[in-house]
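Survey of secondary and tertiary structure
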Amino acid sequence: MAQAVAPSKHWYIVHTYSGYEARAKHSLLERAKVFGHEDKFDEVLIPEEQVVELVKGEKKTSKRKFFPGYILVRMLLTDETWHVVKDTPKVTGFVGGGEKPTPIDDEEVNRMTEQMKEGASKPKPIISFEEGESVRVISGPFANFSGFVEEVQPDKEKVRVMVQVFGRATPVVVDYSNLDKA
């Protein structure tokens, strides 16, 4: 006699009002609890990464969403859980599939969570520089020197800048975070 296979939980993409992802996550988990379906929901993720930006000359770390207006939900999809998600405030519905949403691969979610972990351990700079661009060094031994970008090294988050020292153009390698656009 064949054994019945228990239905499994999958990841689904849920569309929310942009800027209300955290509120939608909280409301969804609360509704699951109230309706007695919390065992059918494993996890709700807001895909985001840490970024470093310069605000008024100071480094500031903040979070940036990969997909504003979307959250990922790992759940067992039934008629009841579909309605729990669909009727949650600030949620507009599932992505894909009309009546029956299409789950996404675990591999895809694992890739996103790895990217989130990398961002938490080493925040990405939100600033980018281009060759030939005018910049000003804001900290370090060459603070207040101006020059132009000769080479950008995005993998190392460094820039080679040509600055004027004693009337001569001198190449200096500087971290992104020590530069400001002129």
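A quick note: this is a predicted structure, and the numbers were derived from the prediction, not measured.

Some details on helix 2 (residues 79–86)
- Three or more residues of helix 2 are buried, namely Thr 81, Trp 82, Val 84 and Val 85. Projection of helix 2 onto a plane perpendicular to its axis shows the buried side chains occupying an angular sector of 160°, all on one side.
- For helix 2, the elements touching its buried residues are strand 1 (10–16), helix 1 (21–34), strand 2 (41–45), strand 5 (70–75) and strand 6 (91–94).

Here we look at the sheet that holds strand 9 (residues 146–153)
- Here we have five strands laid out as an open sheet, ordered 11-10-9-8-12, and antiparallel in their pairing. Edge positions in the sheet fall to strand 11 (168–175) and strand 12 (179–181), since each of these pairs with one other strand and no more. Direction aside, neighbouring strands of the sheet carry axes that sit 45° apart on average.
- Pairing analysis gives eight bridges linking strand 10 (residues 158–165) to strand 11, with the strands arranged antiparallel. Looking at the pairing, Met 162 lines up with Pro 171 of strand 11.

Thoughts on the confidence of the model for the chain
- Here the chain averages 84 in pLDDT, while 87% of its residues score no lower than 70.
- When mean pLDDT is compared element by element in the chain, helix 1 scores highest at 95, while strand 7 (residues 124–125) scores lowest at 64.

Some words on the packing of helix 1 against helix 2
- In contact at an axis separation of 9 Å, helix 1 and helix 2 are set at 140° when each is read in the N-to-C sense. In terms of axis orientation, helix 1 runs oblique to helix 2. In the packing of helix 1 onto helix 2, the handedness of the crossing is right-handed. For the pair helix 1 and helix 2, contact is made by Leu 28, Arg 31 and Ala 32 and by His 83, Val 84 and Val 85, respectively.
- Taken together, the residues of the contact of helix 1 with helix 2 sort by class into four nonpolar, one polar and one charged.

Rules and cut-offs
All residue numbers refer to positions counted from 1 along the written sequence of the respective chain. Given that this is a predicted model, residues contribute local features only at a pLDDT of at least 70 and side-chain atom pairs are listed and counted only at 80 or more, while totals for whole chains, interfaces and linings are drawn from all residues. Here the side-chain values reflect all heavy atoms present in the structure, with hydrogen atoms and water set aside. Partly exposed describes any residue whose relative accessible area lies between the buried limit of under 20% and the exposed limit of over 50%, with all areas from a 1.4 Å probe on protein chains only and scaled to the type maximum. Put simply, DSSP H or I for four residues or longer makes a helix, DSSP E for two residues or longer makes a strand, and each gets a number counted from the N terminus. Working definition: the arc comes from the directions between the helix axis and the C-beta atoms, pointing outward to the latter. Contacts: residue pairs with any heavy atoms within 4.5 Å of one another. Pairing between two strands is assigned when DSSP locates at least 2 bridges connecting them. An axis is simply a line fitted to the C-alpha atoms; with a helix, the fit covers only the stretch in contact. Between two such axes, the angle follows the N-to-C directions and lies from 0 to 180 degrees. For every residue, the predictor reports its confidence as pLDDT, a number between 0 and 100. Just so you know how the angles are binned, under 35 degrees is roughly parallel, over 145 roughly antiparallel, 65 to 115 roughly perpendicular, and the rest oblique. Two helices crossing with the near one rotated counterclockwise from the far one by less than a right angle form a left-handed crossing, whereas a clockwise rotation gives a right-handed crossing. Charged means Asp, Glu, Lys or Arg here, nonpolar means Ala, Val, Leu, Ile, Met, Phe, Trp, Tyr, Cys or Pro, and polar covers whatever is left, Gly included.

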